[in-house]
Amino acid sequence: MSIAVKNIDKRFGEFVALDNVSLDFPGGELVALLGPSGCGKTTLLRIIAGLESADSGSVLLEGEDASDTHVRERQVGFVFQHYALFRHMTVFDNVAFGLRVKPRSERPSDSVIRRKVHDLLDLVQLDWLADRFPSQLSGGQRQRIALARALAVEPRVLLLDEPFGALDAQVRKELRRWLRRLHDELHITSIFVTHDQEEALEVADRVVLMNKGHVEQIGTPDEVYDSPATPFVYGFLGSVNLFHGRVDGEHVNLAGHAHRHDEPLSNGAEVIAFARPHELDIVLEAPNVEGIAATVVRILNFGGTSRIELEGDTNSGAPAHVEVEVSRVRVRELSLAEGSRVRLVPSQLKVFEQST
Amino acid sequence: MSATRKVRVLPGFNLTLGYTLGYLSLIVLIPLAAIFLKTTTMTLERFWEVVTAPRVLASYRLSFGAALLAAAINTVFGFLLAWSLVRYRFPGKRLVDALVDLPFALPTAVAGIALSAVYSPKGWLGQLLLPLGIKVAYTPLGVLVALIFIGLPFVVRTVQPILEDLETELEEAAASLGAERWITFRTVIFPLVLPALLTGFALAFARAVGEYGSVIFIAGNIPMVSEITPLMIITQLEQYDYAGATAIAVVMLVASFALLFLVNALQAWSTRRIGQNAGGRA
Amino acid sequence: MAGAGALHVHSAAKHYEDNPATSEAPWLKWTIVGISLLFFALFLLLPLTVVFSEGLKKGWEAYFAALIDDDALSAIQLTLIAAGIAVPLNLVFGVAAAWTIAKYDFRGKQLLTTLIDLPFSVSPVVSGLIYVLMFGAQGWFGPWLQAHDIKIIFAIPGIVLATIFVTFPFVARELIPLMQAQGREEEEAAIVLGANGWQTFWHVTLPNIKWGLIYGVVLCNARAMGEFGAVSVVSGHIRGYTNTMPLHIEILYNEYKMSAAFAVASLLAMLALITLVIKTWVEWNMTRQLSHGAVQDTPEVLSRLNAAVTPRAGVN
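Note that the coordinates shown come from a computational prediction; the quantities given were computed from them, not determined experimentally. (Residues numbered from 1 in each chain as written. Chains lettered and ligands numbered in written order. Predicted model: local features only at pLDDT ≥ 70, side-chain atom pairs only at ≥ 80, totals over all residues. Heavy atoms only, no water.)

**Some thoughts on the overall build of chain C**
Phase 1 of the analysis: In terms of helices and strands, chain C carries 14 helices and zero strands.
Phase 2 of the analysis: Starting at the N terminus and ending at the C terminus, chain C contains elements arranged as α-α-α-α-α-α-α-α-α-α-α-α-α-α.
Phase 3 of the analysis: The proportion of buried residues among the 316 residues of chain C is 58%.
Phase 4 of the analysis: If you take every contact in chain C between residues at least 6 apart in sequence, the share linking residues at least 24 apart comes to 75%.
Phase 5 of the analysis: Just so you have it, chain C exposes about 12900 Å², and 67% of that area is on carbon and sulfur atoms. (Helix = DSSP H or I, 4+ residues; strand = E, 2+ residues; numbered from the N terminus. Buried < 20%, exposed > 50% of the residue type's maximum accessible area, 1.4 Å probe, protein only. Contact = heavy atoms within 4.5 Å. Areas by Shrake-Rupley, 256 points an atom, 1.4 Å probe, with all protein chains shown as cover.)

**Notes on the side chain of Asn90(C)**
Phase 1 of the analysis: Relative to the helices and strands, Asn90(C) is located in helix 3 (residues 70-103).
Phase 2 of the analysis: A distance of 2.9 Å separates the side chain of Asn90(C) from the side chain of Thr167(C), its partner in a polar contact.
Phase 3 of the analysis: Ignoring anything within four residues of it in the chain, the contact list for Asn90(C) reads Tyr23(B), Ile164(C), Thr167(C), Phe168(C), Val171(C) and Cys220(C). (Polar contact = N/O pair within 3.5 Å; in protein donor to acceptor, adjacent residues only side chain to side chain.)

**Digging into the interface of chain A and chain B**
Phase 1 of the analysis: Contacts between the two partners involve 25 residues from chain A and, on the opposite side, 27 residues from chain B.
Phase 2 of the analysis: Among the residues chain A hides against chain B, the three largest losses belong to Arg72(A), Arg87(A) and His88(A). Together they make up 35% of the total.
Phase 3 of the analysis: Counting across the chain A and chain B interface gives three salt bridges.
Phase 4 of the analysis: Between Arg72(A) and Glu180(B) there is a salt bridge, with its nearest N and O atoms 3.6 Å apart.
Phase 5 of the analysis: Where chain A packs against chain B, one counts four residue pairs in polar contact (both at pLDDT 80 or more).
Phase 6 of the analysis: Broken down by secondary-structure element, the contributors of at least two residues to the side of chain A that touches chain B are strand 6 (76-79), helix 2 (91-100) and helix 4 (139-152) of chain A.
Phase 7 of the analysis: Across the side of chain A that touches chain B, the residue classes tally to 15 nonpolar, four polar and six charged. (Buried area = accessible area lost by both parts, 1.4 Å probe. Salt bridge = Lys/Arg side-chain N within 4 Å of Asp/Glu carboxyl O. Nonpolar A, V, L, I, M, F, W, Y, C, P; charged D, E, K, R; others polar.)

**A closer look at the pairing of strand 7 (residues 157-161) of chain A**
Phase 1 of the analysis: Burial of strand 7 of chain A is extensive: five of the five residues sit out of reach of the surface.
Phase 2 of the analysis: On the question of chirality, the crossover connecting strand 7 of chain A to the parallel strand 8 (residues 189-194) of chain A by way of helix 5 (residues 169-186) of chain A is right-handed. (Right-handed = clockwise from strand over helix to strand, strands pointing away.)

**Points about the confidence of the model for chain B**
Residue and element names in this part refer to chain B.
Phase 1 of the analysis: Per-chain confidence: chain B averages 88 in pLDDT, with 94% of residues scoring 70 or above.
Phase 2 of the analysis: Ranking the elements of chain B by mean pLDDT puts helix 13 (residues 242-275) last, at 84, and helix 3 (residues 54-87) first, at 95.
Phase 3 of the analysis: Counting contacts from residues 276-282, a segment whose pLDDT is below 50, to residues more than four positions away or on other chains yields 21 contacts. (pLDDT = per-residue confidence, 0-100.)

**Quick look at the pattern of salt bridges**
Phase 1 of the analysis: For the coordinates displayed, the defined rule picks out 40 salt bridges over all chains.
Phase 2 of the analysis: For Asp105(C), the salt bridge goes to Arg184(C), with nearest N and O atoms at 3.3 Å. A residue pair is termed long-range when its members are at least 10 positions apart, and Asp105(C) in the loop between helix 3 and helix 4 (109-121) and Arg184(C) in the loop between helix 8 (170-182) and helix 9 (185-192) qualify at 79 residues.
Phase 3 of the analysis: Counted as one network, the salt bridges with shared partners bring together Arg176(A), Arg177(A), Asp196(A), Glu198(A), Glu199(A) and Glu202(A).

**What about the sheet that holds strand 2 (residues 15-25) of chain A?**
Residues and elements named next belong to chain A.
Phase 1 of the analysis: In spatial order, the strands read 2-1-4-5; together these four strands make up an open sheet with antiparallel pairing. Across the chains shown, the open sheet's two edge strands, defined by having one partner strand only, are strand 2 and strand 5 (64-65).
Phase 2 of the analysis: Sheet topology note: the strand 1 (residues 3-12)/strand 2 ladder contains seven bridges and is antiparallel. By the bridge assignment, Arg-11 is partnered in strand 2 with Val-16. (Pairing = 2+ DSSP bridges.)

**Section: the interface of chain C and chain B**
Phase 1 of the analysis: Listed by partner, the interface residues are 110 residues for chain C and 108 residues for chain B.
Phase 2 of the analysis: Buried surface at the junction of chain C and chain B, summed over both partners, amounts to about 9800 Å²; 75% is from carbon and sulfur atoms.
Phase 3 of the analysis: Between Arg181(B) and Glu24(C) there is a salt bridge, with the nearest N and O atoms lying 2.7 Å from each other.
Phase 4 of the analysis: Scanning the region where chain C abuts chain B turns up 23 residue pairs in polar contact (both at pLDDT 80 or more).
Phase 5 of the analysis: Ranked by residues supplied to the side of chain C that touches chain B, first place goes to helix 1 (residues 26-55) of chain C with 20 residues.
Phase 6 of the analysis: Residues belonging to the side of chain C that touches chain B are distributed by class as follows: 70 nonpolar, 26 polar and 14 charged.

**Examining the packing of helix 8 (residues 140-165) of chain B against helix 1 of chain C**
Phase 1 of the analysis: One way to put it is that helix 8 of chain B packs onto helix 1 of chain C with a least axis distance of 10 Å and a crossing angle of 105°. If you check the angle between helix 8 of chain B and helix 1 of chain C, you find them roughly perpendicular. Contact residues: helix 8 of chain B offers Val145(B), Ile148(B), Phe149(B) and Leu152(B), while helix 1 of chain C offers Phe39(C), Phe43(C) and Leu44(C).
Phase 2 of the analysis: Of the residues contributing to the contact of helix 8 of chain B with helix 1 of chain C, the split by class is seven nonpolar, no polar and no charged. (Axes fitted to C-alpha atoms, helices over the stretch in contact; angles between N-to-C directions. Parallel < 35°, antiparallel > 145°, perpendicular 65-115°, else oblique.)

Okay, structure coming up:
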């Protein structure tokens, strides 16, 4: 089922949580709402669920305006960061809750409920825990039960609010792979909120990047990683080096390095330029060698690649801290060591005009 | 040599424990023991005769009955008050919140004369109730009113923190699963608040059973009708029947200790039920 | 007693009413609030108001006359003496007991905590009676006391003793949960840095518990000055000699000197109101102190603190 939000505004006092946000979530996809804390992603999710109401704008479920539909009639499944399991009920009763609270006319019979709950517990691979209380489960098990409980009412969409946020790193990794597989099986339209870029890129069909109440970019994981639309997205996804410079005709001048560009930049404009660690090459300092001046501070080896931390020559306008990734072979070729003076040559740069 | 010997890093253990135990024994334990020892000077028949005298039996009925009823009333209205204080915005809320502890800070004698002034036939409320045929002051109903006054904070202050700490996510989860508000209350909120409610009830009841000062002015103290048990102790004392007073006191003490035990058991249960942070943040 | 009288640091306000999943229809809300407030007004507000209105019924002149009456003054004096002895003694005890229970592990700790609360479970009348049985003419020490011409019952020492008994747990029970919530790391750090026991207590523990201590003392004082049942049993009601303020109020009331009785009562009612103001102030301070601390720590400290001050058993 498709979800759309149109022109959503939400303020908390002076704080603008969402500023005219419009989004379309096609049916059957698993979409990540990604952004730093306070960017409005959880607020948006809660507005879609009906747990929060927008100051203006509307929420469309399958093309129908659901803005005035109460959360209990929206048929959304909601999974909370801290599980929100009912601690006085067994796992079975938790999962059965949504079926048992239906009006008498719609309520399935006890045997149907029992079968359905066990099917769901099978699905989350925890059938053997049916008689336990939530306090007797691990965090990962609790979250899977919470998911089973949300699925029991056959929701039209599944909304997950930082579903793995309270879990250990190891469990988190396992669970997100599991969520992906589960989604491939069920194909229920799902939105999950996260501040972990790795999680979003790994699990989602599509990523919505949010910042300060705005949507910065929407795209597949590859799209947003490879061609970030804004400086924010560039900085938020993966590690990145930031340079300041100025446009000079067909070149951008960055701390003594002239980089050719073919983008529509206005002459003389202040720009910022991004390069990922693997997009910088290192050459040894020599007369007439162009590049950004820097000094090697530390060399860290990971398998076949080396991560090199450098100190830029701040006098020439280079950033104080630069990170470069090159092969270990290359390090050996150049016989790089701590203290080596080098030049950095970007193979690729993403240049943004600085809005002042 | 012993491997299990504990190292106490902070100094002063012997001093503070010794002082605590000494002072406790001197002020509380030895005098309380005196009361049980005193009863050994009586024969069992005499003891039984005193504690089952018709007037004393009537006082149990009133003391325990009114205390039970008052605690029940406080449980209902105390819950509503705690709910209002936690959940709703309304004018004067902070003042009400602060004044809930009044019965705890106000001397019982002051509460006693104030309540009789309000509910006496000439009082602010008494004169309104009299035409309806309701007499409050100087009847068992007056005892009930005083015990409601004295017990209210126990329910409110036991339930309030539990309500405050209840995660809103539980109600959000219930709503997202389609539960009507009343069903959410009945199946999610109430079971989690119930242990606190029962504890509050037991505390209010226990406090009311032994209450003296606030009751004595409004009760009228009519033999067989509106005499409370603590008053029976005083009556025995006034007749210099120390053994008789002691016998009734022992009955009261045993009842109090049984209630104390009940409250502790309730709290242990409540900790097991609520304390486990199953659904919530650790 | 329990929940009542215990300090409670409020959790950060949640916005129940703005959340469709946690709010009720306005008619239901206002019905609940209405019933609650009506109950509150009938049983708490009205009796409080009547104390002042009855006290001032015959004007300010009669009001002050009732207060500076000789018997009233000597009752006030005795009340101050009793509280002046009972409160410091229970303060020292409360600090020692809280230190023992919160800072050390030993067998029987739970039992000790229960025993400290015991006076709350005893009817005030019984509290008075136990001292009559100890020190009265027919009590254990009665003959010996008489032989040495020492009067405890129907005299001031008996009143002081009864007052100590009924207010015995107050300071301890405010401090124990507070000290338990604070743990012992800071004290251990002080000892490691070379401080001795007293220095640790004065410079590390005391600043941490000062709000609870203040409230414990204030509450203990209010109860000491207001105790009626226990004191009534041991006093003998000797006018101008063994009458405390609550007993004086009873005598005036029984003699139908209503305005005078309520005038004296209004002093104690003021004391109660001041106690509640201090409680509110202390809770406000504690909340502020916590929220000024490291922000991310607040919920944990809060829950530890509130878990620790959940009511313990007891009666009065």
